[in-house]
Amino acid sequence: MSKVHVSTIINDDTVEFLCESEQTLLDVLRDDLRLTGSKEGCASGDCGACSVIMDGRLVCACLLLAAEAEGSTIETIEGMANGSDLHPLQQQFLDHAALQCGVCTPGFLIAAKALLDRNPDPTETEVRYWLAGNLCRCTGYDKIVRAVLDTAAETRN
Amino acid sequence: MKPVDFDYEQAKSVDEAITLLTQSADALILAGGQTLGPMLNLRLVQPELLVDITRIDELVRVEASTTHVTIGACVSHAAVEDRRIADLGHDFLARVAGGIGYRAVRNRGTLGGSVANADPAADWVSCFAALDAEILVSGQSGQRIVKIDDFLVGAMETTIGTGELINGIRMPRLGASVRCGYAKISRKPGEFADAIAAIVHDPDRGCCRVVVGATDGLPLLLDNDALGLGPAVALPAVLDPGPVRDHLAWHMPVPDLYRLNVQCAVLQRALADAHAFPS
C-alpha cells in the first residue's frame, strides 16, 4: 500500500510527511514527528488529551486521519510557549497549580487557547461548557477554570 | 488498538465519490469522522477503503430560498452553532447545534454524517424528524429526495443504499409565529442523551410535530389528536403527564419506568424551551 504525502504547517514550520492511510494525526505527531506533548487518552473523542488546533479550530487529533490534514495549519502544545517565555495560560496554570499528573494539561491548554482566541471574555459557564470535552482525573476542574478566567482578565488588561 | 489497514481517497466531486464507493465492496464514507473515528480506532469497523467527502464543494453549500434552506451534508455542527448559515426561524438549528458533543467534535462532525449514522441519541435525528426534513440522496442514477420518516428505518439504520451518499438536508423555513423547543437529558454536557424532545409548532404552515428521541429505535412522533396538540391550538405550556405517559408507554415493548420519567421530563423541558425563546 503506497504512503500518503501530506503537506502541513505545524507550529509555524512547514512540515511534509509520508503516512499510512490509517494513521491518525495523533499517531503521526507523536510517533513520526516526535511531538509527544499531545496525549492519547480514549481514542474516541471523549477526553480531549489529544486536542490540537487545525486551521484555527479545536479538534481531536485522535479522530482525524493524518491524510485529512493535507494543506492545513496545525498548532500543538509544543508551539504554545515562545522559547522559554510561557504563554499566559501556561503561567496561570502554574500559578493556580491547575495540574497534577499533567497528562490532560496539554489538551486543556490547547482547548483553552482555542476558546480565548475566539472569545477573549468568556463567562465561567462558557469556560466550563467549552472545556467539557477535556477530562482531568486528579486536579479537578475549579483551578483550571479559574486559571482560564484569570488569563482572560489578565490579557484584556 | 488501532485501525486496520485501509486505503484513503479524497473525492473531489459527488460523482467521483460514488464511483469510488462502487469500486470497493467494503468502502465507507468519511464525513468528518467523529463517529467513524472511534469505530475505526476500536476496530468496530474494518473497511478496505475510506472515501473522504468533506472536500467536495457541493457538499458544504447552503442554499436558502423563501420556503426552504438546504444544507450540504458536510456542513459542520460548529458552522450551524456559529450561525454561519441561514436561519430557518426561531434560531432553532443553532440552538440544537450548540449542545452536540464537545466543541472539538462539533468542529469536525457534519450534519450528513450524523443523520447517515442514524444513532437514535443523535441530536439531528430528532431535530430533523420534528422539522419534517427531507434528505437528498445522490447515487449512480441521480438524486432522490426522501422524507426523514422514510429515510430512517431504525437504530443506526437508514434506506441509503450501496453507492449512495447524502448530498444535503432540505428543511422548511418556519413561519413568523413558530415555536420551536429542544431539550435533552444527559449525564454530562456532550454525553449521549438519555432522552431528547424536539418540538416544532408552526401554525402558519399547519404543522405541529412533537418528537421524543433517544429511544431504542426511531424517533417517536407523538400523536397530536391523542394529546390535544395541533397547529390549530396554541402550544400548551405543560402537558398533562398522565396521557403522555400512557402514550409513551404504549410504544415501549416493556414499559421502563425510569425511561418514561425522563421522557416526560424532557418533553416538559422542550415545551418550556419553546415558550422561553422570544417569538
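**Describing the interface of chain A and chain B**
Facing the 29 residues of chain A at the interface are 28 residues of chain B. Surface buried jointly by chain A and chain B totals about 2400 Å² across both partners, of which 54% is contributed by carbon and sulfur atoms. Summed over the three residues of chain A that lose the most area to chain B, namely Glu22(A), Leu63(A) and Glu68(A), the buried surface amounts to 24% of that side. Note that Lys2(B) and Glu40(A) form a salt bridge whose closest N and O atoms lie 2.6 Å from each other. On the surface where chain A and chain B come into contact, there are eleven residue pairs in polar contact (both at pLDDT 80 or more). Looking at the side of chain A that touches chain B element by element, the count peaks at four residues for strand β4 (residues 57-60) of chain A. Its residues placed into classes, the side of chain A that touches chain B shows 16 nonpolar, five polar and eight charged.

**What about helix α1 (residues 25-32) of chain A?**
Residues that lie three or four places apart on an α-helix share one face, since the helix turns once every 3.6 residues. All names here are of chain A. For α1, the complete set of buried residues consists of Leu25, Leu26, Asp27, Val28 and Leu29. Tucked into the core, α1 has its buried residues touching β1 (4-10), β2 (13-19), β3 (51-54) and β5 (73-75). Two residues or fewer past α1, Arg34 is found with a positive phi of approximately 60°.

**With respect to the pairing of β3(A)**
Residues and elements named next belong to chain A. Taking every second residue as pointing to the same face, both faces of β3 are buried, with Ser51 and Ile53 on one and Val52 and Met54 on the other. In textbook terms, the turn of a hairpin is the stretch between consecutive antiparallel strands, and for β3 and β4 this stretch comprises two residues, one of which, Asp55, has a positive phi near 50°. Note: β3 against β5, two bridges, orientation antiparallel. Residue pairing across strands places Ile53 opposite Glu75, the latter belonging to β5.

**Some points on the domain arrangement of chain B**
Quite often, the size of an interface is put as the accessible area lost when its parts meet. Residue and element names in this part refer to chain B. If you check the domain split of chain B, you get domain 1 (7-52), domain 2 (57-172) and domain 3 (179-276). Computed from C-alpha atoms alone, the centre-to-centre distance between domain 1 and domain 2 is 18 Å. The interface of domain 1 with domain 2 comprises ten residues on the first partner and 17 residues on the second. When domain 1 packs against domain 2, close to 1000 Å² is buried across both sides, 70% of that on carbon and sulfur atoms. The three residues of domain 1 that bury the most area against domain 2 are Val14, Ile18 and Gln34, which together make up 47% of that side's buried surface. Our count for the domain 1 to domain 2 interface comes out at zero salt bridges. Each residue belonging to the side of domain 1 that touches domain 2 can be placed in one class, and the counts come to six nonpolar, four polar and no charged.

**What about helix α7 (residues 123-131) of chain B?**
All names here are of chain B. Extensive coverage of α7 is indicated by the burial of nine of its nine residues. Within the span of α7, buried status applies to Asp123, Trp124, Val125, Ser126, Cys127, Phe128, Ala129, Ala130 and Leu131. A positive phi of about 55° marks Asp132, the residue just after α7.

**Details of the side chain of Thr8(A)**
Within the secondary structure, Thr8(A) is located in strand β1. Excluding its chain neighbours within four sequence positions, the residues that come into contact with Thr8(A) are Asp13(A), Thr14(A), Val15(A), Phe17(A), Ala69(A), Ser72(A) and Ile74(A).

**Observations regarding the domain arrangement of chain A**
Residue and element names in this part refer to chain A. Assigned domains of chain A: these are domain 1 (4-78) and domain 2 (88-156). Between domain 1 and domain 2, the C-alpha centre-to-centre distance is 21 Å. Both sides of the domain 1 and domain 2 interface together cover about 1000 Å² of buried area, and 67% of this is carbon and sulfur. For domain 1, the biggest contributors to the area lost against domain 2 are Ile53, Leu58 and Ile77; these three give 41% of the whole. Across the domain 1-domain 2 interface, the total number found is one salt bridge. Note that Glu75 is salt-bridged to Lys113, the shortest N-O span being 2.8 Å. In terms of residue count, the dominant contributor to the side of domain 1 that touches domain 2 is β3 (three residues). Grouping the constituent residues of the side of domain 1 that touches domain 2 by class yields six nonpolar, four polar and three charged.

**Describing a negative patch on the surface**
All names here are of chain B. A cluster of acidic side chains, namely Asp5, Asp7, Glu9, Asp26 and Glu48, defines a negative patch on the protein surface. If you trace the backbone, Asp26 turns up in the loop between α1 (14-23) and β2 (27-30). Taking relative accessible area as the criterion, Asp26 reaches 36% and is therefore assigned partly exposed.

**Comments concerning the side chain of Thr70(B)**
With respect to the element layout, Thr70(B) can be found in strand β5 (residues 68-72). With near-sequence residues (within four places) excluded, Thr70(B) lies in contact with Arg61(B), Val62(B), Glu63(B), Leu136(B), Ile169(B) and Arg170(B).

**A word on the pattern of salt bridges**
Following the criterion strictly, the structure yields 25 salt bridges over all chains and no others. The partner of Lys3(A) in a salt bridge is Glu20(A), with the nearest N and O atoms 3.9 Å apart. Of the two residues, Lys3(A) is situated in the segment before β1 and Glu20(A) in the loop between β2 and α1; the sequence distance between them amounts to 17 residues. Judged by relative accessible area, Lys3(A) falls into the partly exposed class, the value being 48%. For Lys2(B), the salt bridge identified is with Asp27(A), shortest N-O distance 3.1 Å. Within this pair, whereas Lys2(B) is found in the segment before β1 (7-10), its partner Asp27(A) is found in helix α1, the two belonging to separate chains. For Asp27(A), a relative accessible area of 10% corresponds to the buried category. One network of salt bridges, in which partners are shared, links Arg118(A), Glu81(B), Asp82(B), Arg84(B), Arg103(B) and Arg106(B).

Rules used in this analysis
- Residues numbered from 1 in each chain as written.
- Chains lettered and ligands numbered in written order.
- Predicted model: local features only at pLDDT ≥ 70, side-chain atom pairs only at ≥ 80, totals over all residues.
- Heavy atoms only, no water.
- Contact = heavy atoms within 4.5 Å.
- Buried area = accessible area lost by both parts, 1.4 Å probe.
- Salt bridge = Lys/Arg side-chain N within 4 Å of Asp/Glu carboxyl O.
- Polar contact = N/O pair within 3.5 Å; in protein donor to acceptor, adjacent residues only side chain to side chain.
- Helix = DSSP H or I, 4+ residues; strand = E, 2+ residues; numbered from the N terminus.
- Nonpolar A, V, L, I, M, F, W, Y, C, P; charged D, E, K, R; others polar.
- Buried < 20%, exposed > 50% of the residue type's maximum accessible area, 1.4 Å probe, protein only.
- Pairing = 2+ DSSP bridges.
- Domains from an automatic or database assignment.
- Patch = residues over 30% accessible without salt bridge, like charges linked within 9 Å, V, L, I, M, F, W, Y side chains within 5 Å.
- Areas by Shrake-Rupley, 256 points an atom, 1.4 Å probe, with all protein chains shown as cover.
- Lys, Arg positive; Asp, Glu negative; His and termini not counted.
- Charge placed at Lys NZ, Arg CZ, Asp CG, Glu CD.

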